[in-house]
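# Working through the structure, step by step
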Protein chains: 2
Amino acid sequence: MTKIIERTGKDIGLVETQYFTFGNSPDELVLESGEKLSPVMLAYETYGTLNKDKTNAILILHALTGNAHVAGFHPDEKDPGWWDNMIGYGKAFDIDKYFVICSNVIGGCQGSTGPSSINPKTGKPYGLDFPLITIKDMVSAQAHLVRSLGIKKLLCVAGGSMGGMQVLQWTVSFPEMVATAIPIATSARHSPQQIAFNEVGRQAIMADPDWQDGHYYGKSAPTRGLAVARMIGHITYMSDVSMAEKFGRRVKEERAEKKFSPDFEVEGYLQYRGDNFVKRFDANSYLYITKAIDRFDLTNGSSLEKIFKAAASVKFLVIAFKSDWLYPAYQSKEIVKACKQAQIDVSYCELNSTYGHDAFLVEVEEQDHFIRNFLRRISDE
Amino acid sequence: MTKIIERTGKDIGLVETQYFTFGNSPDELVLESGEKLSPVMLAYETYGTLNKDKTNAILILHALTGNAHVAGFHPDEKDPGWWDNMIGYGKAFDIDKYFVICSNVIGGCQGSTGPSSINPKTGKPYGLDFPLITIKDMVSAQAHLVRSLGIKKLLCVAGGSMGGMQVLQWTVSFPEMVATAIPIATSARHSPQQIAFNEVGRQAIMADPDWQDGHYYGKSAPTRGLAVARMIGHITYMSDVSMAEKFGRRVKEERAEKKFSPDFEVEGYLQYRGDNFVKRFDANSYLYITKAIDRFDLTNGSSLEKIFKAAASVKFLVIAFKSDWLYPAYQSKEIVKACKQAQIDVSYCELNSTYGHDAFLVEVEEQDHFIRNFLRRISDE
């Protein structure tokens, strides 16, 4: 089952991405909008070994621009997966004990069906003919993957940011398939400020003439607009304090002669992150996924308390970070409060960190402690 | 002296903008960079009457996209000047008592010399041939205006945001010309987060192919990029709470059929503000002024305490707002602390408001109270 190619001590070593396809006619994936998607491919990776009873599986869910490669190394890359510090032999998500799955989302551009995939009806990339997808649709697709692995119940679903939204949706859409849930640095629905930041990113992409109403495949991609969107994102992922610590007001060593070229280090950093991002991410996927995030509203016109009654059997560990101003702790507290009202077993950790929203990716030690103990308690029961 | 055309009760009524020109050869304005600017025009407005001794003048300084039209009405406009609620007969800046001047900044596009002005050397708009200007340069130009009005000492210099930076610079560059200073919602130097937001705005403008390295005059202006820059700005001017109160997650009544057209009210608002802004503001001015703001560092490589020793005779009233996360109160407190260390007479007000950075424009009552009493105390001395 495991696709770990080479084990090196506590580290996972080399891994490879796998692909799961479903939804061939007449079993198309019916989306929340009523539209059908067919076929559907999901990129995913697995680590560790599924036990005989298939009761030790943990599903990790990624953020806006994340992917299935959560841990270990790909042969051609020098950096490990995006949460490698949390997943491995003896780590918080200990693959000596657990079978860890990480699934990419539909709408994305990193191995799963999305707007850059070929539309079987036309033989060309979907572009904006790709249907609008929701967080619930992402989760529905993942449920197909989990079932295909023979897993009836996940020991845990965990993830930060948009990953946390998927975690919440999992507990409500498929409570019978989820024993425990760890939503981190997330929200049950976006505030107008959160929507606004995403919207400005979308406007930057759509203002780029290369966007061409989404039909740019095979031509110049709207990289300038996408880079601006990413820069906005990066500011919101950090904190005032973490930026002050990382950059201060230091000026770049090499300054271009042109007026308005970046002269502060922080400007150079943003440009670097923007320029790198456009090499690996599709602008249309950015539109589709941010729109799914903005429209996500777990209350669905009701109340969180009522919605969570469906998830009464799931045990929650909710984690937030004090300096996270993009997903402020009060949003996690709303989740905790609703869980309690719905008489759900819920623990809450608000961690001190200066890293802002990025904390969920970089603050290993404390998260490790709480997650490890939470999983141990659950496994012991 | 006063250019009020028509007085209506407590309101100022109709006013008109005036223009002051200086810096004709051989008396060019020498900029901080060493470059010379000639001629220099400043748009300004005045309200009330300068007394015989010329001791009742107050200079109001505006923010990034503000202008000289701070109060009263222009004949063709339905909205009054940008701080009309603070300036008028019987208002905080009471023009029954005080002679109020508001000066536009160089580098701008609203009547003062800036990148869209005609370069006398070429007979064409400067574009990026306009020299980089600084907050200190803006203040130096204003000092010419103030002297031209026969005023040796201003009773007060006051302003919010970038206006507050000019206030601080006035107290250090021309302490002998300033009796009191009211810097509001401002900073003695930009943090990397503040620089980052401005930089993303600049990148959005420069990513617009219509920008053409700044030489777009007479052709299509980079309105799409400038609108994105403005949208980013607007998010930072509000607060999480004020956005939640104003918009919630309400969807627009009229929703366009196109995918990714704004569907939440907050998205429609940002688009509206962006689209309106490009009708009145020049993209190059946005670049020049934001760069002046980002490079502003009152400490000038020394410490605020040492710098403020030059301003020991000036009395300060520093105002900040709790929900202002763009210019957080800690930055105002740094100013207050340095004033105290320099044995300056300083008062500090941190006002409760949910309006974020916009509070300095909209929170009238409490500001009115503190400013009115501060000015009364000063006038009585």
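Residues numbered from 1 in each chain as written. Chains lettered and ligands numbered in written order. Predicted model: local features only at pLDDT ≥ 70, side-chain atom pairs only at ≥ 80, totals over all residues. Heavy atoms only, no water.

### Topic: the overall build of chain A
Looking only at helices and strands, chain A has 11 helices and 16 strands in total. Over its C-alpha trace chain A gives a radius of gyration of 20 Å, about what one expects of a compact globule, namely 21 Å for 381 residues. With the C-alpha coordinates aligned to their principal axes, the bounding extent of chain A is approximately 65 × 50 × 50 Å. For chain A, with 381 residues in total, the buried portion stands at 61%. For chain A, long-range pairs separated by at least 24 residues make up 72% of all intrachain contacts whose partners lie at least 6 apart in sequence. Within the structure as shown, chain A displays about 14,700 Å² of accessible surface, and the carbon and sulfur contribution to it stands at 48%. Separation between the mean location of the 42 positive side-chain charges and that of the 46 negative ones in chain A comes to 3 Å. (Helix = DSSP H or I, 4+ residues; strand = E, 2+ residues; numbered from the N terminus. Rg over C-alpha atoms; globule rule 2.2 N^0.38 Å. Buried < 20%, exposed > 50% of the residue type's maximum accessible area, 1.4 Å probe, protein only. Contact = heavy atoms within 4.5 Å. Areas by Shrake-Rupley, 256 points an atom, 1.4 Å probe, with all protein chains shown as cover. Lys, Arg positive; Asp, Glu negative; His and termini not counted. Charge placed at Lys NZ, Arg CZ, Asp CG, Glu CD.)

### A closer look at the sheet that holds strand E3 (residues 18-22) of chain B
All names here are of chain B. Overall, mixed pairing links the 8 strands, which are arranged E3-E6-E10-E7-E13-E14-E15-E16 in an open sheet. Edge positions in the sheet fall to E3 and strand E16 (346-351), since each has one partner strand and no second. The mean inter-strand angle of the sheet, taken between neighbouring strand axes irrespective of direction, is 20°. Alignment of strand E6 (residues 40-47) against strand E10 (residues 99-103), held across 4 bridges, turns out to be antiparallel. Note that in E10 the partner of Glu-45 across the bridge is Cys-102. (Pairing = 2+ DSSP bridges. Axes fitted to C-alpha atoms, helices over the stretch in contact; angles between N-to-C directions.)

### Focus on the packing of aromatic side chains
For the structure on display, the rule yields 30 aromatic pairs over all chains. Between Phe-20 of chain B and Phe-22 of chain B, the aromatic rings sit 5.3 Å apart at their centres with planes inclined by 20°, giving stacked as the arrangement. Phe-22 of chain B matches Phe-20 of chain B in its accessibility class, with the two residues each being buried. A ring pair is formed by Phe-277 of chain B and Tyr-286 of chain B, whose centres lie 6.0 Å apart and whose planes are at 80°; its orientation type is edge-to-face. Exposure class is identical for Phe-277 of chain B and Tyr-286 of chain B. Each is buried. Ring-pair connections join several aromatic residues into one group, and the members of that group are Tyr-126, Phe-130 and Tyr-288 of chain A together with Phe-260 of chain B. Positioned over the ring face of Phe-277 of chain A is Arg-230 of chain A, at 4.3 Å from the centre of the ring. (Phe/Tyr/Trp six-rings, centres within 6.5 Å; stacked < 30°, edge-to-face > 60°. Lys NZ or Arg CZ within 6 Å of the ring centre and 35° of its normal.)

### Notes on the pairing of E10 of chain B
Residues and elements named next belong to chain B. Extensive coverage of E10 is indicated by the burial of 5 of its 5 residues. Of the two faces of E10, the one carrying Phe-99, Ile-101 and Ser-103 and the one carrying Val-100 and Cys-102 are both buried. The sheet contact formed by strand E7 (residues 57-61) and E10 spans 5 bridges and is parallel. For Leu-61, the partnering residue across the bridge sits in E10 and is Ser-103.

### Details of helix H11 (residues 364-380) of chain B
Residues and elements named next belong to chain B. If you check H11, its first and last C-alpha atoms are 23 Å apart, about what 17 residues at 1.5 Å a residue would give, namely 24 Å. Among all positions of H11, only Gln-367, Asp-368, Ile-371, Phe-374, Leu-375 and Ile-378 are buried. Seen along its axis, H11 keeps its buried residues to an arc of 145°; they face one direction. The exposed residues of H11 that point more than 90 degrees off its buried face are Glu-365 and Asp-380. (Expected span 1.5 Å × (residues − 1). Arc of directions from axis to C-beta.)

### Thoughts on the interface of chain B and chain A
Opposite the 56 residues of chain B that make contact, chain A presents 56 residues. A buried area of about 4,600 Å², summed over both sides, lies between chain B and chain A, and 65% of it is on carbon and sulfur atoms. For the chain B face of the interface with chain A, the top three residues by lost area are Arg-249, Lys-259 and Phe-260 of chain B, together amounting to 19%. Run the count over chain B and chain A and you get 12 salt bridges. A salt bridge links Asp-263 of chain A to Arg-295 of chain B, with the shortest nitrogen-to-oxygen separation between them at 2.3 Å. Going through the elements one at a time, helix H3 (192-207), helix H4 (223-237), helix H5 (240-246), helix H6 (265-280) and helix H7 (283-295) of chain B are the ones with two or more residues in the side of chain B that touches chain A. (Buried area = accessible area lost by both parts, 1.4 Å probe. Salt bridge = Lys/Arg side-chain N within 4 Å of Asp/Glu carboxyl O.)

### Structural notes on the confidence of the model for chain A
Confidence in the prediction of chain A, expressed as mean pLDDT, is 95, and 97% of residues score 70 or more. Reported for the predicted complex are a pTM of 0.96 and an ipTM of 0.95. (pLDDT = per-residue confidence, 0-100.)

### So, the sheet that holds strand E6 (residues 40-47) of chain A
Residue and element names in this part refer to chain A. Strand order across the open sheet formed by 8 strands is E3-E6-E10-E7-E13-E14-E15-E16, with mixed pairing between neighbours. Edge positions in the open sheet fall to strand E3 (18-22) and strand E16 (346-351), since each of these has one partner strand only. The mean inter-strand angle of the sheet, taken between neighbouring strand axes irrespective of direction, is 20°. In terms of strand pairing, strand E13 (residues 154-160) meets strand E14 (residues 178-184) through 6 bridges, oriented parallel. Directly across from Leu-154, in E14, lies its bridge partner Val-178. Across the sheet, helix H2 (residues 162-173) touches strand E7 (57-61), E13, E14 and strand E15 (315-321), and the angle it forms with E13 is around 145°. Where helix H11 (residues 364-380) meets the sheet, its contacts fall on E7, E13, E14, E15 and E16, and the angle it forms with E15 comes to roughly 175°.

### Details of the pattern of salt bridges
Residues and elements named next belong to chain A. Tallied over the full model, the rule gives 36 salt bridges over all chains. Between Asp-294 and Arg-202 there is a salt bridge; the shortest N-O distance is 2.8 Å. Of this pair, Asp-294 sits in helix H7 (residues 283-295) while Arg-202 sits in helix H3 (residues 192-207), placing them 92 residues apart in sequence. No difference in accessibility class separates Asp-294 from Arg-202, as the two residues are buried.

### A short note on H3 of chain A
For an α-helix, the turn length of 3.6 residues means that residues three or four places apart are oriented alike. Its 16 residues place the ends of H3 of chain A 21 Å apart at the C-alpha level, agreeing with the 22 Å of an ideal helix rising 1.5 Å per residue. For H3 of chain A, the buried fraction is high: 15 of the 16 residues fall into the buried class.

### Comments concerning the nonpolar core
Core analysis: the largest hydrophobic core is formed by 193 residues, its most contacted members being Trp-170 and Phe-308 of chain A together with Trp-170 and Phe-308 of chain B. Residues contacting Phe-308 of chain A, with those up to four places away along its chain left out, are Leu-168, Thr-171, Val-172, Leu-298, Phe-316, Ile-335, Ala-338, Cys-339, Ala-342 and Ile-344 of chain A. (Core = buried A, V, L, I, M, F, W, Y, C linked by side-chain atoms within 4.5 Å.)

### Side note on the relation of the copies chain B and chain A
You can overlay chain B on chain A at an RMSD of 0.0 Å; the transform is a turn of 180° with a shift of 0.0 Å along its axis. Given the turn and translation reported, the copies of this chain are related as if by a two-fold rotation axis. Of all interface residues in chain B, 100% are interface residues in chain A too; the two copies therefore contact each other through one and the same surface. (Least-squares fit on C-alpha atoms with pLDDT ≥ 70 in both.)

### Focus on the environment of Tyr-272 of chain B
With respect to the secondary-structure elements, Tyr-272 of chain B resides in helix H6. Sequence separation between Tyr-272 of chain B and Gly-88 of chain B is 184 residues; the distance between their C-alpha atoms is 30 Å.

### So, the packing of helix H4 (residues 223-237) of chain A against H3 of chain B
Two quantities define a packed helix pair, namely the angle between the axes and the distance from one axis to the other. The interhelical angle for the contact between H4 of chain A and H3 of chain B, taken along N-to-C directions, is 170°, at an axis separation of 10 Å. By the criterion of interaxial angle, the relationship of H4 of chain A to H3 of chain B is roughly antiparallel. Here Arg-224, Val-228, Met-231, Ile-232 and Ile-235 of chain A of H4 of chain A come into contact with H3 of chain B, specifically with Gln-193, Ala-196, Phe-197, Val-200, Gln-203, Ala-204 and Ala-207 of chain B. When its residues are assigned to classes, the contact of H4 of chain A with H3 of chain B shows 9 nonpolar, 2 polar and 1 charged. (Parallel < 35°, antiparallel > 145°, perpendicular 65-115°, else oblique. Nonpolar A, V, L, I, M, F, W, Y, C, P; charged D, E, K, R; others polar.)

### Comments concerning the side chain of Thr-180 of chain A
All names here are of chain A. Inspection of the secondary structure puts Thr-180 in strand E14. From its side chain, Thr-180 meets the backbone oxygen of Leu-155 in a polar contact 2.8 Å long. Setting aside residues no more than four positions away along its own chain, Thr-180 makes contact with Leu-154, Leu-155, Cys-156, Val-157, Val-314, Lys-315, Phe-374 and Ile-378. (Polar contact = N/O pair within 3.5 Å; in protein donor to acceptor, adjacent residues only side chain to side chain.)

### Section: the environment of Pro-39 of chain A
All names here are of chain A. Secondary-structure assignment places Pro-39 in the loop between strand E5 (36-37) and E6. C-alpha separation for the pair Pro-39 and Asp-27, spaced 12 residues apart in sequence, amounts to 9.0 Å. Sequence-distant contacts of Pro-39, that is, excluding residues within four places in its chain, are made with Thr-21, Phe-22, Gly-23, Asn-24, Thr-113 and Pro-120.

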